[in-house]
Amino acid sequence: MNRKISQTKFVGVRYREDSDKRFQGRADRYYFIRYQKEKQVEEGVGWASQGMTPQQASNIRGEIVANIRTGSGPMSLKEKRETEFGKRESKARENLPFNTLVVDYLDWAKSNKASWKDDRTRYNKHIKPVFGNKPIKKISPLDLEKLKRTLQKKELAPATIKQCLVLVRQMFNKATAWGKFAGDNPFKNATLNNRKLLEVPDNRRIRFLQPEQANSLLNELANKSPQVHDMALLSLDTGMRRGEVFSLTWQDIDFNNDIIQIKDTKSNRNRQAFMTKQVKAMLKTRKRSGSGVGHIFQNKNGGGINHVYKVFDRAIEALGFNKGLKGTRDRVVFHTLRHTFASWLALNGTPLLAIKELGGWQSLDMVERYTHLVPDQKREAIKKLERQKDLDGNAYKVATS
């Protein structure tokens, strides 16, 4: 094999021929470039059979020499190759469909978010059909607006639409933090900075059951499914969320102190609920008739359950509670039982802080919706203020009791 190094007509470009490798009827040539950095450097740039030419080698050398002079850009062939490889990798990542990003996000969410299952459901039902196969880098602010309109056409609750958009934003933020996306985040847009895309009208439930309606519902459920009846009673008397009811085990029940330990909460914080006489009697009956171990509410195979919709919806339909109603604010669903629990507490004069703690809300802002149910308290507060005045109505007394 010929190892002789020969000079080309281009400055700093040389080659050697390999007689054992043939290309276009002659020995293949391997090209080198030579330039001055802290010391003289020589690097191989490639074979003629792989497409390298003296002109291309000279162009590479010229770029590196210019970068050395200006102090910017790749200053060696190795750095240049690493930069180009990084660009190709970044481009390849950004050409990946949005689905691939979701896999990484959900793996992360399983360990970091109590609501990761809700994220998975929202993605599969509402986001995947729109963005699933779309390349990550091609998702634009306009696409987010289109997603919003698509979800609105499905007549989803405004809060659900906002949750879907926030989920997409979280995925982009994580992709950027993990180095999986280097493009422009579509959420960094003037419209989004003004929060117009994420603006959602107040659709918090305002309807709650009257006592006679609650009794009618429990009686209807008792005829259709004793187990769903018991779950409804538990939510109605403790304010437990549907998922909290599903997760409840016999280890969480303290009959001696009439306390229910609620774990697996939406806020990822444990809390206690207090048994009414009806709830305590119901739980004792269930324990006597069952195994007394594992989940309190079980499916036919002895495992935990995850839905009550069909039985509950049939009961609501039979009672006509939702007849002629389409808006989510007024329709009766299982979550209405929790809303009814809080509303009844407010009507009985329970302070908002106590309602917050009993229901497991994270802030007082989330229970302010119940303030309109206690107008008499506000009126009484003014009357107490009046009683502190002197008879002349000009000065206030300091309350002594």
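Everything numeric in this text was worked out from a predicted model, so none of it was measured. (Residues numbered from 1 in each chain as written. Predicted model: local features only at pLDDT ≥ 70, side-chain atom pairs only at ≥ 80, totals over all residues. Heavy atoms only, no water.)

Draft legend 1. Broad picture of the confidence of the model for the protein. Taken residue by residue, the protein gives an average pLDDT of 82. The fraction at 70 or more is 82%. The model gives residues 388-393 a pLDDT under 50, and that stretch makes nine contacts with residues more than four places away or in other chains. For the stretch residues 395-401, pLDDT sits under 50, and the model shows ten contacts to residues farther than four places along the chain or on other chains. (pLDDT = per-residue confidence, 0-100. Contact = heavy atoms within 4.5 Å.)

Draft legend 2. Broad picture of unusual backbone geometry. Backbone geometry at Q24 places phi at a positive 55°, although glycine is not the residue there. With respect to the helices and strands, the residue Q24 is situated in the loop between β2 (13-23) and β3 (26-36). A relative accessible area of 70% places Q24 in the exposed class. Positive phi, close to 55°, is recorded for D258, a residue that is not glycine. Turning to its location among the elements, D258 is positioned in the loop between β5 (253-254) and β6 (259-262). (Helix = DSSP H or I, 4+ residues; strand = E, 2+ residues; numbered from the N terminus. Buried < 20%, exposed > 50% of the residue type's maximum accessible area, 1.4 Å probe, protein only.)

Draft legend 3. Expanded view of the side chain of T238. With respect to the element layout, T238 can be found in helix α9 (residues 226-238). Within the local environment of T238, its side chain forms a polar contact with the backbone oxygen of L234, the two atoms lying 2.5 Å apart. Engagement of the side chain of T238 in a polar contact is seen with the backbone nitrogen of M240, the distance being 3.3 Å. Ignoring sequence-local partners within four residues, the contact set of T238 consists of I260, A273, F274, F341 and L358. (Polar contact = N/O pair within 3.5 Å; in protein donor to acceptor, adjacent residues only side chain to side chain.)

Draft legend 4. Up close: the nonpolar core. Counting residues in hydrophobic clusters, the biggest one holds 37 residues, and the most contacted among them are L217, M231, L234, I253, I260 and L283. Counting residues per element, the ones that place at least two in this core are α8 (211-224), α9, α10 (242-247), β6, α11 (277-289) and α12 (309-319). Sorting elements by how many residues they give to this core places α9 first, with six residues. Once you skip the residues sitting within four places of it in the chain, M231 turns out to touch V245, F246, F297, I305, V308 and F334. Core analysis: the second largest hydrophobic core is formed by 25 residues, Y105, I136, L144 and F187 among them. (Core = buried A, V, L, I, M, F, W, Y, C linked by side-chain atoms within 4.5 Å.)

Draft legend 5. Examining the sheet that holds β5 more closely. One open sheet holds the three strands; their spatial order is β5-β6-β7, and the pairing between them is antiparallel. Whereas interior strands pair on both sides, the edge strands pair on one side only; in this sheet they are β5 and β7 (271-274). (Pairing = 2+ DSSP bridges.)

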